[in-house]
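Descriptive analysis of the structure
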Amino acid sequence: MAIDLWAKYGGIKKKTKKITVKAPMSIEDMMEQSINKQREMIKEGKIGDSGSWWKDGKVKPKCGIFSLIDGELDIDKDMFGSFVDDLEKSFKNGDFEGRFKEMERKQRAAIKKRREGKNK
């Protein structure tokens, strides 16, 4: 006697999967995250490693994938910590608002380009 597996086990079951889409991080949040990452690297003695703003005596601060300044600054390795402190103070005082607006525009364009690329 043959067993009817479809009847016994219910056959194929349809399931829907919920996917949560994370909203893009704001430029200000990215900046805070970048500053905190630099502080961690300073504490762990990883200045100059991958992801550090400081490399070979030059500093190029970034906010996500965007450069915060044009060009690079010459800063000694032992001054990098105070540089990060001063940069954070400037950030909290709103000194980078104009630059952040430009970065937001670039971020929106990059997101739009990615979405259009997926729909083609």
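For clarity, every value in this text was computed on a predicted model and none was experimentally measured.

This paragraph deals with helix 3 (residues 80-92). Taking 1.5 Å of rise per residue, 13 residues should cover 18 Å, and helix 3 covers 18 Å from first to last C-alpha, within 8% of that figure. Among all positions in helix 3, only Phe 80, Phe 83, Val 84, Leu 87, Glu 88 and Phe 91 are buried. Each buried residue of helix 3 lies within a common arc of 135 degrees when the element is viewed along its axis, so the set occupies one face. Along helix 3, the residues that are exposed and aim more than 90 degrees away from the buried face are Lys 89 and Lys 92. Looking one or two places after helix 3, you find Gly 94, whose phi comes out positive at around 85 degrees.

Note: α-helices contain 3.6 residues per turn, so residues at a spacing of three or four share the same orientation. Here helix 2 (residues 27-43) contains 17 residues, and its C-alpha end-to-end distance of 24 Å stays within 8% of the 24 Å for a straight helix at 1.5 Å per residue. All of the buried residues in helix 2 are Ile 27, Met 30, Met 31, Ser 34, Ile 35, Gln 38 and Met 41. Buried residues of helix 2, seen end-on, are gathered within an arc of 135 degrees and therefore sit on one face of the element. Looking one or two residues past helix 2, Gly 45 carries a phi angle of roughly 70 degrees, positive in sign.

Moving on to the confidence of the model for the protein chain. Predicted confidence across the protein chain gives a mean pLDDT of 85, with 89% of residues reaching 70 or more. Averaged over each element, pLDDT in the protein chain is lowest for helix 1 (residues 5-9) (71) and highest for helix 3 (93).

Our focus in this paragraph is the sheet that holds strand 5 (residues 73-74). Pairing is antiparallel across the open sheet formed by 3 strands, whose spatial order is 1-2-5. Only two strands of the sheet have a single neighbouring strand rather than two, namely strand 1 (54-55) and strand 5. The pairing of strand 1 with strand 2 (residues 58-59) spans 2 bridges and is antiparallel. Pairing of Lys 55 across the sheet is with Lys 58, part of strand 2.

Met 31, Trp 53, Phe 80, Phe 83, Leu 87 and Phe 100 are the most contacted members of the largest nonpolar core, which has 20 residues in total. Elements with a minimum of two residues in this core: helix 2, helix 3 and helix 4 (97-119). It is helix 3 that provides the largest number of residues to this core, a total of 5 residues. Residue contacts for Leu 87: discarding those within four places in its chain leaves Met 31, Ile 35, Trp 53, Pro 61, Leu 68 and Phe 96.

Criteria and cut-off values
- Residues numbered from 1 in each chain as written.
- Predicted model: local features only at pLDDT ≥ 70, side-chain atom pairs only at ≥ 80, totals over all residues.
- Heavy atoms only, no water.
- Helix = DSSP H or I, 4+ residues; strand = E, 2+ residues; numbered from the N terminus.
- Expected span 1.5 Å × (residues − 1).
- Buried < 20%, exposed > 50% of the residue type's maximum accessible area, 1.4 Å probe, protein only.
- Arc of directions from axis to C-beta.
- pLDDT = per-residue confidence, 0-100.
- Pairing = 2+ DSSP bridges.
- Core = buried A, V, L, I, M, F, W, Y, C linked by side-chain atoms within 4.5 Å.
- Contact = heavy atoms within 4.5 Å.

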